[in-house]
Amino acid sequence: MAALATSVVVAAGIAAPAASARVLDPAKPVDAVEISKRTQCGVKDGTPAVYRWTGRVYGRRTGERDRHLFNVEGMNIRQCTTVTDAKRGTGYRMVSREIMLYLDPKTNEVLRNWTNPITGKTVEVMHVANDPVNSRPTFPYGEDGTPYAMNMSRINDTVFLAFEAPLYYVNPLAGDYQDYVGNKYHAMEIFDFAMSAKDALDTSLPTAYPSIAWVRISDWMPWMMMEGRDGQMVFNAVGTKLKSFDELPAVMKNEIATTYKDYVAPPPVDDARPNETTWTVFKKSIDAKRAAEGAKPATTAH
């Protein structure tokens, strides 16, 4: 999940803490970065944090009723490390890997194959297994001196952090002329975190345990074999930061134990690999199959 950014809409305060602790002020860039780190990981470097979410996925097409296509169960395991820049100050970098399982909307069983109700074809399901999903370093100041700020609000004793990620970039599965004919990847992810003000701002506590709401609006997944049909996917899920890996549901722990064994821990803090997405993972899978069959790999977009 992405690091939090944008603008502070209110400053928050809580009851005076013990002498050994202090209350973070989100209007101060250094404190805002610390609040973000507490939310994403925790105060201590190299300590794994686990997020879990659960929800539903709908298919939307013009002139048709929305279809409940899947339920989903997801997890992200991450850690943060302190980074320092002479110009931008002391901040942090987050590294993570994540899984999201597509489940039968009636039985909640993990889907291996799926009959697409729009095309009538049965396809192999490719679950989300992205490794890594790392963030750029978050610093108190930008290269131009702009202070880091958060889209933070407070209602009574609850702090809210809202983050929208409009995505529009070259689609790894499309060709070299996307600026002229379209086919760029177009999506939006919306993250809303809610936590007690004490969790968020009191430095006597080692981490915050927010609840989250996640909405994603995106193109069809490539493994669905939609062949250019119009429409969108709408994901709606809720979740939280867990106290430990053991709090994950049995269905997720079983899949990790049998198929995704690296996901018991986050990547190393110095991980320099490029991020993976469903689209890059799917392209590698298709290219590998074509290479095995002696066919030419798909053209890479530049």
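Above this text is the structure in question.
In what follows, the accompanying structure is described. Just so it is clear, the structure is predicted and the values come from calculations on it, not from any experiment.

## Focus on the sheet that holds strand β1 (residues 49-60)
In a beta sheet, neighbouring strands pair by backbone hydrogen bonds and run either parallel or antiparallel.
Inference 1: Read from one edge of the open sheet, 9 strands run β6-β3-β2-β1-β11-β10-β9-β8-β7, paired in antiparallel fashion. Here the strands that pair on one side only, and so sit at the sheet edges, are β6 (128-130) and β7 (152-155). Each adjacent strand pair in this sheet contributes to an overall mean axis angle of 20°, direction not counted.

## Thoughts on the nonpolar core
Inference 1: Counting residues in hydrophobic clusters, the biggest one holds 48 residues, and the most contacted among them are Phe70, Met100, Tyr102, Trp114, Trp223, Met224 and Met233.
Inference 2: Setting aside chain neighbours within four positions, we find Trp223 in contact with Phe70, Tyr102, Trp114, Val123, Glu124, Val125, Met126 and Phe282.
Inference 3: Ile77, Leu101, Leu103 and Ile256 belong to the second largest nonpolar core, which has 13 residues in total.

## Describing the side chain of Thr207
Inference 1: Of note, Thr207 is situated in the loop between α3 (197-201) and β10 (211-218).
Inference 2: Side-chain polar atoms of Thr207 contact the side chain of Lys241, separated by 2.8 Å.
Inference 3: Not counting residues up to four positions away in its chain, the partners in contact with Thr207 are Arg38, Cys41, Gly42, Asp199 and Lys241.

## Points about the pairing of strand β8 (residues 158-169)
Looking along a regular strand, one sees the side chains alternate between the two faces of the sheet.
Inference 1: As paired strands, β7 and β8 are joined by 4 bridges and run antiparallel to one another. Its bridge partner lying in β8, Met152 is registered against Leu161.
Inference 2: Of the pairings in the sheet, the one linking β8 to strand β9 (residues 185-196) comprises 12 bridges and is antiparallel in character. Bridging across to β9, Tyr169 finds its partner in Tyr185.

Thresholds, definitions, all that
- Counting restarts for each chain: residues are numbered from 1 in the order of the written sequence.
- In view of the model being predicted, local features appear only for residues whose pLDDT reaches at least 70, and side-chain atom pairs are presented and counted only at 80 or more, with totals across whole chains, interfaces and linings using the full set of residues.
- The basis for every side-chain value is the complete set of non-hydrogen atoms in the structure, without hydrogens or water.
- When DSSP finds two or more bridges between two strands, those strands count as paired.
- Secondary structure is summarised from DSSP: a helix means a run of H or I of at least four residues, a strand means a run of E of at least two, and numbering begins at the N terminus for each.
- What counts as an axis is a line fitted to C-alpha atoms, over the stretch in contact for a helix, and the angles between N-to-C directions run from 0 to 180 degrees.
- Definition used in this section: a nonpolar core is a set of buried Ala, Val, Leu, Ile, Met, Phe, Trp, Tyr and Cys residues joined via side-chain atoms within 4.5 Å.
- Remark: exposure states derive from per-residue accessible area (1.4 Å probe, protein chains only) relative to the maximum for the residue type, with buried under 20%, exposed over 50%, and partly exposed in between.
- Contact definition: two residues touch when any of their heavy atoms are within 4.5 Å.
- Any pair of nitrogen or oxygen atoms within 3.5 Å is treated as a polar contact; in protein, a donor-acceptor pairing is required on top of that, and neighbouring residues in sequence qualify only through side-chain atoms on both sides.

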